[in-house]
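Tertiary structure, described
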Amino acid sequence: MRVIILGATSAIAVCTARLYAKEGASLLLVGRDENRLSQMAADLKVRGAERVEIAVHDLAAETDVGAHLSGFITQLGGVDHVLIAYGILGDQHAAERDLVAAAEILKVNFNSAAAWSLATASVLERQGRGSLVVIGSVAGDRGRRANFIYGAAKAGLETLVEGIAHRFADKGPRAVLIKPGPTITPMTEGMNRKGLLWATPEKIAAITHARAYRGGSIAYAPGFWRYIMLIIRTLPGVIFNRMDI
Ligand SMILES: NC(=O)c1ccc[n+]([C@@H]2O[C@H](COP(=O)([O-])OP(=O)(O)OC[C@H]3O[C@@H](n4cnc5c(N)ncnc54)[C@H](OP(=O)(O)O)[C@@H]3O)[C@@H](O)[C@H]2O)c1
């Protein structure tokens, strides 16, 4: 198993990489922080990974994504799974007034992730097998005042990955969008993270890792979020607009 992780230093990606390491996979970790990538590589080798490569790259940079992806695949010696795990929450309040900040949230979470997804889809289609796994969010299910710019990017990403899964339906590869609910990671630091609805990154990683093998185009993580979001989506506007969620 050869796995490329884009945004490897994300807490959810770190936990997912450990599951791959345990089964002896070879990994290529891509991220911006060379020190953290090197430390992570050493840790994954101790945990059983056959080989761990690193690549330092700003994944939202306007570069030739196809060429970079080919380089990553050559570095690893092939690819079976690609996990796209990076993202930023951004400052919703500031971004409502500062369009440069809004564009950054959209670029990181949608434009760039869409480009990596499309480039990966072409590679997997050519080789006739493999999995594209992308981390979306329940925030994409309904626009809320707290995070609708981030949510809009994740909603767009969902449609894109769902479309890739449809494109793959009668072919060998798989595409899966994982939709976590609130998760205890650096992204949510400073929030009130008490309560039963908060998940650990280990929990989300277990679902991500399982779905990479099993497929199914959309996976809520944990699964109960499917039902919560069904209720949220179907609430009439007159009720929804009075709620502070
Ligand atoms: N935590 C939650 O509640 C939650 C809920 C739903 C979905 N998600 C999604 O889950 C995924 C993983 O997030 P997380 O919760 O694990 O948060 P995290 O630990 O804060 O990870 C975010 C990662 O994204 C990386 N990143 C951001 N911009 C990048 C760029 N331009 N190039 C390369 N790497 C970049 C960061 O790297 P640096 O260290 O270099 O900044 C960091 O490693 C994200 O897509 C997030 O939107 C999270």
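Whatever comes next refers back to the structure up there.
An account of the accompanying structure is given in this report. (Residues numbered from 1 in each chain as written. Predicted model: local features only at pLDDT ≥ 70, side-chain atom pairs only at ≥ 80, totals over all residues. Heavy atoms only, no water.)

Observations regarding the pairing of strand S3 (residues 51–56)
Of the pairings in the sheet, the one linking strand S2 (residues 26–31) to S3 comprises six bridges and is parallel in character. Looking across to S3, one finds that Gly31 is bridged to Val56. Handedness of the crossover is the feature at issue here: the chain leaves S2, passes through helix H2 (residues 34–46), returns alongside S3, and the resulting connection is right-handed. (Pairing = 2+ DSSP bridges. Helix = DSSP H or I, 4+ residues; strand = E, 2+ residues; numbered from the N terminus. Right-handed = clockwise from strand over helix to strand, strands pointing away.)

Details of the sheet that holds S3
An order of S3-S2-S1-S4-S5-S6-S7 is seen for the seven strands of this open sheet, with the pairing classed as parallel. Pairing within the sheet leaves two strands with one partner each, and these edge strands are S3 and strand S7 (218–221). The sheet shows a mean angle of 15 degrees between the axes of neighbouring strands, taken without regard to direction. Of the strand pairs in this sheet, strand S5 (residues 131–135) and strand S6 (residues 174–180) are connected by five bridges, and their pairing is parallel. Bridge pairing links Ile135 to Ile178 in S6. Each of strand S4 (81–84), S5, S6 and S7 is contacted by helix H7 (residues 201–214), which is oriented at about 165 degrees to S6, the strand it contacts most. (Axes fitted to C-alpha atoms, helices over the stretch in contact; angles between N-to-C directions. Contact = heavy atoms within 4.5 Å.)

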